[in-house]
Amino acid sequence: GENVEQHPSTLSVQEGDSAVIKCTYSDSASNYFPWYKQELGKRPQLIIDIRSNVGEKKDQRIAVTLNKTAKHFSLHITETQPEDSAVYFCAATPEGNNRLAFGKGNQVVVIP
Amino acid sequence: DTAVSQTPKYLVTQMGNDKSIKCEQNLGHDTMYWYKQDSKKFLKIMFSYNNKELIINETVPNRFSPKSPDKAHLNLHINSLELGDSAVYFCASQPAGVGTQYFGPGTRLLVL
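Rules of the game
- Along each chain, residue indices are assigned from 1 in the same order as the chain's sequence is written.
- Chains and ligands are labelled sequentially in the order written, the chains with letters from A and the ligands with numbers from 1.
- Two thresholds apply to this predicted model, a pLDDT of at least 70 for residue-level local features and 80 or more for giving and counting side-chain atom pairs, whereas whole-chain, interface and lining totals are computed over all residues.
- Water and hydrogen atoms play no part in the side-chain values, which are based on all heavy atoms of the structure.
- A pair of strands is labelled paired if DSSP reports no fewer than 2 bridges between them.
- The helix and strand labels rest on DSSP assignments: H or I over at least four residues marks a helix, E over at least two residues marks a strand, and numbering proceeds from the N terminus.
- A fitted line through C-alpha atoms serves as each axis, taken over the contacting stretch for helices, and the angle formed by two N-to-C directions is quoted from 0 to 180°.
- Working definition: with a 1.4 Å probe on protein chains only, accessible area under 20% of the residue-type maximum means buried, over 50% means exposed, and in between means partly exposed.
- Working rule for contacts: check all heavy atoms of both residues, and any pair within 4.5 Å makes them a contact.
- When two components associate, each loses some accessible surface as probed by a 1.4 Å sphere; the sum of these losses over both components is called the buried area.
- Salt bridge, as used here: a side-chain nitrogen of Lys or Arg that lies within 4 Å of a carboxyl oxygen of Asp or Glu.
- Any pair of nitrogen or oxygen atoms within 3.5 Å is treated as a polar contact; in protein, a donor-acceptor pairing is required on top of that, and neighbouring residues in sequence qualify only through side-chain atoms on both sides.
- What makes a nonpolar core is a set of buried Ala, Val, Leu, Ile, Met, Phe, Trp, Tyr and Cys residues whose side-chain atoms join them at distances within 4.5 Å.

Trainee: Looking at this structure, I do not really get the sheet that holds strand 1 (residues 4-7) of chain B. What am I missing?
Mentor: Backbone hydrogen bonds hold the strands of a sheet together, and the pairing may be parallel or antiparallel. Residue and element names in this part refer to chain B. The strand order across the open sheet built from 4 strands is 1-3-8-7, with neighbouring strands paired in antiparallel fashion. Two strands bound the open sheet, and with one partner strand each, they are strand 1 and strand 7 (64-70). Between one strand and the next, the sheet's axes are offset by a mean angle of 20 degrees, whatever the strand orientation. Direction of pairing for strand 3 (residues 19-25) relative to strand 8 (residues 73-78): antiparallel, over a ladder of 4 bridges.

Below, the structure written as structure tokens:
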């Protein structure tokens, strides 16, 4: 089955700087890659996703890039703010598969 | 108008007791899930149902028994609770095909 790994496990950034979280996956058949944000005590919520037919997607301060050849995808957060502090999960799944393979999560801390 | 709801939100109980957690979604999705999130934040899939049919059954003790009376509901019954069952249990639902999973607010279970 699919195996997703996230790096680094914890990331501290100064407010206003950029944060990048990288995930690698193992199954070349995977074609859907969502990112979830989980604030303390809350539920995981989708913040952005990408499908394998595109290499990059952007939504305001967040963007996701996908490199299918290298089997990795990254979340980029620009101009970080304290409310960006959370655990971020990446996931991957092949077409037609109901199982999302989650990474172990990254704790992002934005220092004011 | 809550999309995915769970009850109860908090559950504190003694070892050896039997308890149930309920989940309901009003999104019309066909697939529902139970995840366990322990103190290390890893989201571990437990079960998945598609249109009331069990499709994913991970290596979970048989003290855990899911039940789906209809496609909008997925309940989780736990027998003989153990200390290691303490965690946050999330329900999620997903529309047909590859897509976003929508999480419920979580049930925080503490076994004493």
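From this point on, the discussion continues.
Trainee: Which parts of the structure should I look at to understand unusual backbone geometry?
Mentor: Backbone phi values are negative for most residues with the exception of glycine, while trans is the configuration of most peptide bonds. Residue and element names in this part refer to chain B. The omega angle of the peptide bond from threonine 7 to proline 8 is -5 degrees, so this bond is cis rather than trans. Within the fold, proline 8 resides in the loop between strand 1 and strand 2 (10-13). A positive phi angle, near 75 degrees, is found at lysine 41, a position not held by glycine. Tracing the backbone through its elements, the reader meets lysine 41 in the loop between strand 4 (31-37) and strand 5 (43-50). We classify lysine 41 as partly exposed; its relative accessible area is 31%.

Trainee: Teacher, can you tell me more about the interface of chain A and chain B here?
Mentor: One widely used convention gives an interface's size as the accessible area the parts lose upon coming together. Tallying the contact residues gives 22 residues for chain A and 24 residues for chain B. Interface area for chain A against chain B, summed over the two sides, is near 1,900 Å², with a carbon-plus-sulfur share of 56%. Per-residue buried area on chain A facing chain B is highest for Arg43(A), Asn98(A) and Arg99(A); these three make up 35% of the total on that side. Taken together, chain A and chain B are joined by 1 salt bridge. When the shortest N-O distance is used, the salt bridge between Glu58(B) and Arg99(A) registers 2.8 Å. The interface formed by chain A and chain B holds 6 residue pairs in polar contact (both at pLDDT 80 or more) in total. Sorting the residues of the side of chain A that touches chain B by element identifies strand 4 (30-38), strand 5 (45-51) and strand 9 (86-94) of chain A as the ones contributing at least two each.

Trainee: Would you take a moment to explain the sheet that holds strand 8 (residues 72-77) of chain A for this structure?
Mentor: All names here are of chain A. The antiparallel open sheet is built from 5 strands, whose spatial order is 1-3-8-7-6. With partners counted over all chains shown, the strands left at the sheet margins are strand 1 (4-7) and strand 6 (56-59), one partner each. Across the sheet, the axes of successive neighbouring strands diverge by a mean angle of 15 degrees, strand direction being ignored. For strand 3 (residues 19-25) and strand 8, the ladder comprises 6 bridges, and the chain directions are antiparallel. The partner of lysine 22 across the bridge, within strand 8, is serine 74.

Trainee: How do you make sense of the side chain of Ser74(A) when you look at a structure like this?
Mentor: Tracing the backbone through its elements, the reader meets Ser74(A) in strand 8. Setting aside residues up to four positions removed in sequence, Ser74(A) forms contacts with Val20(A), Ile21(A), Lys22(A), Trp35(A), Ala63(A), Val64(A) and Thr65(A).

Trainee: It is not clear to me how the nonpolar core should be interpreted in this structure. Could you clarify?
Mentor: Nonpolar side chains in soluble globular proteins tend to be buried together. Residues Trp35(A) and Phe73(A) are the most contacted members of the largest nonpolar core, which totals 24 residues. Elements with a contribution of two residues or more to this core: strand 2 (10-14), strand 3, strand 4, strand 5, strand 7 (62-67), strand 8, strand 9 and strand 11 (106-111) of chain A. Membership of the second largest hydrophobic core comes to 20 residues, among which are Phe47(B), Leu76(B), Cys91(B) and Val111(B).

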